[in-house]
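Structure at a glance
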Amino acid sequence: GATDDEKATDTKLIYAQKIRVEHANDDLEKHKMMKVGDNLIVSVYGDDAYGLIKTGDKSKCKLGTGAYVPFKTDAATVSITAAAGTDQTISCTLAFVTKKGAAEETDGYVSTEKIKTVASCPDVQVYNSDGNGQCEVCPGNSYRQKDSSQFSGCTPCTPGTEPNTDRSGCENCPAGKFSTFDEKCDSCPEGSEGKSGAPGFCQLCAKGSSKGTKSDNACTKCPAGSFSSMLGSVECTQCPAGTRSFSQTGSTSCTLCEPGKHQEAEGKETCKPCPAGHYSDAKGAITCTACPAGTHSSSDFTSCTPCEAGKFQANQGKSSCDVCDAGHYSAQGSTACTACPAGTQEVGKTECVKCKPGEHNGATGRDACSPCPENQYSSEEGSTFCLTCKGTITEKKKCSICEAGKKLVGDSCVDCDPGHISEAGSETCSPCPPGTKKKQGVCEQCPAGTYQSESGQEECIECKAESGQYQTKKGATYCKTTRPGYQLNEGDTKAEEVKCEKNSFSTGGAKKCTACETTKGQYTDSDGSTYCNICQGNLDGSGNCGAINCKKDTITLAGVGDEDFTFEETSVGTTASIICQTPKEEEEAAKKGEDQAEYIYRYCSFNPITKEGEWNNADSSKCSSKVTKEVEATLTELSVIDVTDKIKSEEAVKEMEKVAKKANDMAAKDITSIAESLDSYASKLEEKDVLVSKTQAEGLASAIGSVAGAGEAKLSSVKQEDKKKMYNCVTNVAKRLEANQTVRTDTIAMKKIDVKDVSKDAAITLPQPKSEKENKVNAPKLTMKETPDADGKTVAPTVAVFDKKTAEAIFPKPSASSEDTAASEKESSQPKNITYSIDSSIVSLEFAGTSKLDIEIEMSVDTSADMDKSGFELTRVCKFYDEKSSEWSSKGCKTTDGTTSSASQRSFVCACNHNTSFAIILSQAEIADTIQSTVSTALNIINIVFLGITFLCIAPFKQFWARRLIQIQTQLCVALFMGHIAFILLGTTTASSSACVPGVVIVQYLFLVAVAWSVCASVTLYEKIVNALKSFGKQDKHYFVKCLAGCWTAPLFMVLAAYITSTTMDKTSLPYVTATGELDDEKTETCWVASPWKWVGFMIPVYLCLGINVILFIMIARIIIRAGKSGSSTGHAREVKAIMSIATTVCLPWLVALLMTGPKAMAQIFQWIFIIVTALQGPTMFVCFVIFQEDVLTNLFKLFGQEPPQALLPAKSSKSTKSAASEISNVKPTTAAVKKEEKSDIVQVKNPEYNKPVEQEPPQHQSEENIYSKVVLQIQTMSPRPFSLLAESVDEEAPA
């Protein structure tokens, strides 16, 4: 069988031993066959016991039928030459002999393997074992290697080679050819050529070359104008337009044409230069661009050069520019030349230079200026003409005339008046108009936030933010004033006003709205409030009120229904509505199937005086009345009437007059319709330029008077713009009257004054309504201080006079104007709650076509009711209704007293400079009673003076510094002194002031310090008088230092703790400060801390301290009184003075403040008492601490070398002194007490309650004496002064 080494092996047992026979041949091993003629090697292997006999022919082998081949003697192998045949076996005869020389043994051997032997092939052929079993030549690009086995097959030639002629090996391919493993050498394909230095291989054509056919040829370079950019190109590509080939031949790319060149064709090796007048500014141009007008081509044709200044080019594609004509110029790059304007001359064709002073040029396109002719000059450069000089000409350049800002007076130039301007050479100056100011010789508009109402002014007036003034426009002649319910926008006088936020209000003229005091239950329902409501319920955190209602109310509206209208209870801030029909009418309408959607509206507001809800007038403007249809029919007839038909017009007006007399039965809707119809009728008269007859005028005026008398309840439902139509109708009708014609009705009078009656200073009596005449009110008079004119012609006025009642009904109600607000700021004491009302008839004047007037109108008012207004400050001012600012204003008017003055009537003269409606406006201001405030301030000043004097009388003397009580009293004086000063300063601020919060903190702190020192004084007095013997010989050396630290520090923590806590709370519901008024004057507002912070940080600590003082005072006073009862019978003056002095020192008068919280009448009485007793604290302390203190008084007089008068010194009693001395000698304290007694001046009170621990049993004869008499004797003995116990008798360091 075959082993792992591929040898054929047979194994056989010989003599029970294993003998192994092997045969081998290379081809047989590899290919399982062998060729004829090859040798087959047979080997025999045995063991040590037997050996193969190799001599003779005893051991031999053969292959197939071939001859036996004997083994050689030197080896146990035999080589057999094979013969042709198939399936041959190896046959052997083997002879063995034992190594011990035993007999020989012969055995045969036949191989089990069949061996195939084939014919031997020539050297260049191989045996095809898979085919027909024949020898064949190697196919294709292969050959049989020399000396290789015919069974090994063919070997392929490597690429680049092919078999040689005898196919014994490979040789290189010829140049230009190549081969692969499978194919013989062949020509290189398209796009490649033979590889240099490597025969038999092809390489891609290099860049810049190509080959289009399969051949042995080499690649050829690209011709000029073409290129190949890739290896192995089959063909070259032509260069595109705008490019050229890089070199003549063999280009790998095309180069873009350089700037200044172009190429429109493909496959070109060069680029062409741009033609003249053209350019290319980038590479790769296909064509060149023509240079635009105003330029010419550059030398390198890469750009266009702008024409130089002085030249131009109107066409494109030009290589040069043309020169400008004379008198013309051009800038760089011009397409045309420009003629020099008049007043200039051409210079270098590049610019126009202004003619010099003394020259002129009135035409365009000139290259030179002409000198001014004789007697003429030009002072400015660029003159187009010369001026004639009224003065002297210098070098034809200067005329000696007045410069700007001056005017000619005689032969001299003088400065213009302030606020006036003039141009150079002017003979007069002109004033800057209103709304402007003079600045640097010109009139400049006043900026926003300022105004100027007069002409000829140097400065504009700032709108006063504090007065709520603002102006958003430039050039204003007045400042607007914030309306009630509005405030400035963050204090900006240049911005529009904004509404007050909820829970704040303003009454007009406000910089900032005033916050409602939630601590007083104040609130508002919405933004834009003009007052704060008082909540009778509870306010929530957002300032919303609980229930305040308007009570159920029943009203009767004349003309609206036949029954009463009942409004149910409604909360404040709510608008209630009721259907216009009465129940009966509603029922009838329902039966008829009619839909009625008209309602009466009524607003429930808050009355700040009554603190209750109050119904406003009902708004019935949507309701019809029983005469509505009649009114509509009459108005329809009036609307279609031809106003040029006098008869029909008079009839229509009469019908209107009849209907108007039924105004009491009308609804507000009817009155509005009448107002609109009358205004429309008056407009038609003006449009058609029709004169109005007296009958028509009386009818129209009577109709307006009738509807104006319908009552405020009804007219309140008529819009002001509709009321305006009523008085506009009257003034328009007055203008349509014939000259000098007068019309009078009960309520209105009209007249068109004849121009003949108009003259300077002539007084004209104006027409008067019949009602005014019946009331014996003097008719108004008109005086023209200057004759009014328009275009040089005298102008006569038209006048309409409305009686007071009618005026109040249809004209806007007056309120605080910007002038009123500004004036109120200048007053030292500002009254509050000012109301304004029309107090006279209204005179409407119009001087057609005039812009400047100087007139005086004298109007009378009824003053009979002034006596009933004693609690008000009454002011009457002449005002006009300003349509622009929608307010009654006094601008341009001056009010002076007239000629009439009596108890029932008084006249005023209005000097004005404009057309409008004039009236006397009455302002009623509640007078603020400041008596209490004034008295309080005066007494506080007195208090401060005496406190200061007291301090100065004690502080300079060092001998008093060691006395504890005097030290405490000095600190008390200092605290009260500073506290009263701070309190006076605080009274000058209001709750809205930035100084309010720090002010109240300082005032609270200083008065708490004073009260704290009073507690220290009380404790000191208690220890020295009541607890004298318990503390005998004992003292706290650091007591004053402790008081000093506690009294100045603890109050600060209390006040600041309350303030800091308040900052963390809702400032709306719990503000720290509030506005308060005097009890007898709730109109004045001051700054003080609000509840509950005043209780937390001030009132409770004060009352606690006063409570301690009261207890200690009672105990002290008890001892003093008992001592006085047991003492001298000379009276109790000393005890009374002592008690009063102690009471003042411990601030007991402040207890009166507890009684100020009761009913108002009682509170006012006790407030006056509190003011007086606290104000006397300073004088009392001066008397007690200075006048009654002998040593203080003596030291003061010694400063001046004098002795105090005996009258100021108390009388001394030797008996008292002796008695006191004997009593003191009877007191025998312990040894320790005696030692300390030498340094102490403690009052020794012989009281059995206290004396037992410190003294021996008194002598028997003294037991009968009253102990309290000894207290008095000791007080009198130790100091002859009335209040000695407050000074040296109770101070440790003072000698006894």
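Going by the structure above, here's the rest.
All values reported here derive from a predicted model rather than from experimental measurement.

**What about the overall build of the chain?**
Helix and strand counts for the chain stand at 24 helices and 86 strands. Here the chain, with 1296 residues, has 44% of them falling under the buried criterion. Carbon and sulfur atoms make up 52% of the accessible area of the chain, which amounts to about 65400 Å² in all.

**Digging into the nonpolar core**
Most often, soluble globular proteins have nonpolar side chains that are buried together. Leu 976, Val 1000, Trp 1013, Tyr 1072, Ile 1116 and Trp 1150 are the most contacted members of the largest nonpolar core, which totals 67 residues. In terms of residue count, helix 14 (residues 996-1026) provides more of this core than any other element does, 20 residues in total. Other than its neighbours up to four places away in sequence, Leu 976 contacts Leu 947, Phe 1007, Ala 1010, Trp 1150, Gln 1177 and Met 1181.

**Some thoughts on the sheet that holds strand 69 (residues 612-615)**
Strand order across the open sheet formed by three strands is 67-68-69, with antiparallel pairing between neighbours. The sheet terminates laterally at strand 67 (575-579) and strand 69, the two strands that pair on one side only. Going across the sheet, the axis of each strand differs from the next one's by a mean of 30°, ignoring polarity.

**What about the packing of helix 3 (residues 628-639) against helix 5 (residues 668-688)?**
Interhelical geometry of helix 3 versus helix 5 gives an angle of 10° and a closest axis separation of 10 Å. Judged by the inter-axis angle, helix 3 sits roughly parallel to helix 5. Counting all contacts with helix 3, which are made through Thr 628, Val 631, Leu 635, Leu 638 and Ser 639, the residues of helix 5 involved are Asp 670, Ser 673, Ile 674, Ser 677, Leu 678, Tyr 681 and Lys 684. Class assignment for the residues of the contact of helix 3 with helix 5 results in six nonpolar, four polar and two charged.

**Digging into the environment of Ser 400**
Mapping Ser 400 onto the fold places it in the loop between strand 46 (398-399) and strand 47 (406-409). For the pair Ser 400 and Gly 425, spaced 25 residues apart in sequence, the C-alpha to C-alpha distance is 8.8 Å.

**With respect to the pattern of salt bridges**
Counted according to the given criterion, the structure contains 17 salt bridges. For Arg 483, the salt bridge goes to Glu 497, with nearest N and O atoms at 2.6 Å. Here the residue Arg 483 occupies a position in the loop between strand 56 (480-481) and strand 57 (486-487), and Glu 497 occupies one in the loop between strand 57 and strand 58 (498-499), the gap between them amounting to 14 residues. With a relative accessible area of 46%, Arg 483 lands in the partly exposed category.

**Concerning the state of the cysteines**
By the definition in use, this model includes 27 disulfides. Cys 222 shares a disulfide with Cys 236; S-S distance 1.9 Å. Judged by the torsion about the S-S bond (-80°), the Cys 222/Cys 236 disulfide is left-handed. Here Cys 222 is found in the loop between strand 24 (220-221) and strand 25 (226-227), whereas its partner Cys 236 is found in the loop between strand 25 and strand 26 (237-238), with 14 residues between them in sequence.

**Quick look at the environment of Ala 290**
By secondary structure assignment, the location of Ala 290 is in strand 32 (residues 289-290). Sequence separation between Ala 290 and Cys 304 is 14 residues; the distance between their C-alpha atoms is 8.8 Å. Among all residues touching Ala 290, those that are not within four sequence positions of it are Gly 277, His 278, Tyr 279 and Gly 317.

**A few points about helix 19 (residues 1177-1187)**
In terms of burial, helix 19 is a largely internal element, eight of the 11 residues being buried. If you check which residues of helix 19 are buried, you get Gln 1177, Gly 1178, Pro 1179, Met 1181, Phe 1182, Cys 1184, Phe 1185 and Val 1186.

**Here we look at the packing of helix 4 (residues 646-660) against helix 6 (residues 694-708)**
Helix 6 packs onto helix 4 with a crossing angle of 20° between their chain directions and a minimal axis gap of 8 Å. Between helix 4 and helix 6, the angle falls in the class roughly parallel. The interaxial crossing formed by helix 4 with helix 6 has left-handed handedness. Counted together, Ser 649, Glu 650, Val 653, Lys 654, Met 656, Glu 657 and Ala 660 of helix 4 and Thr 695, Gln 696, Gly 699, Leu 700, Ser 702, Ala 703, Ser 706 and Val 707 of helix 6 form the full contact between these two elements.

**A look at a nonpolar patch on the surface**
Residues Ile 941, Val 945 and Ile 949 make up a contiguous nonpolar surface patch of roughly 230 Å² in combined accessible area. In this fold, Ile 949 is placed in helix 12 (residues 931-954). A residue is classified by how much of its surface remains accessible, and Ile 949, at 35% relative accessible area, is partly exposed.

**Here we look at the sheet that holds strand 79 (residues 855-862)**
Two modes of strand pairing occur in sheets, parallel and antiparallel, and in both the strands are linked by backbone hydrogen bonds. In space, the five strands of this open sheet follow the order 72-73-79-83-82, with antiparallel pairing throughout. The sheet terminates laterally at strand 72 (763-765) and strand 82 (893-901), the two strands that pair on one side only. Strand-to-strand twist in this sheet, taken as the mean axis angle between neighbours without regard to direction, amounts to 25°. As paired elements, strand 72 and strand 73 (residues 781-784) share three bridges and run antiparallel to each other. When the sheet's bridge partners are listed, Ile 764 is paired in strand 73 with Leu 782.

So, how was this worked out
Residues numbered from 1 in each chain as written. Predicted model: local features only at pLDDT ≥ 70, side-chain atom pairs only at ≥ 80, totals over all residues. Heavy atoms only, no water. Helix = DSSP H or I, 4+ residues; strand = E, 2+ residues; numbered from the N terminus. Buried < 20%, exposed > 50% of the residue type's maximum accessible area, 1.4 Å probe, protein only. Areas by Shrake-Rupley, 256 points an atom, 1.4 Å probe, with all protein chains shown as cover. Core = buried A, V, L, I, M, F, W, Y, C linked by side-chain atoms within 4.5 Å. Contact = heavy atoms within 4.5 Å. Pairing = 2+ DSSP bridges. Axes fitted to C-alpha atoms, helices over the stretch in contact; angles between N-to-C directions. Parallel < 35°, antiparallel > 145°, perpendicular 65-115°, else oblique. Nonpolar A, V, L, I, M, F, W, Y, C, P; charged D, E, K, R; others polar. Salt bridge = Lys/Arg side-chain N within 4 Å of Asp/Glu carboxyl O. Disulfide = S-S within 2.5 Å. Left-handed = near helix turned anticlockwise from the far one by under 90°. Patch = residues over 30% accessible without salt bridge, like charges linked within 9 Å, V, L, I, M, F, W, Y side chains within 5 Å.

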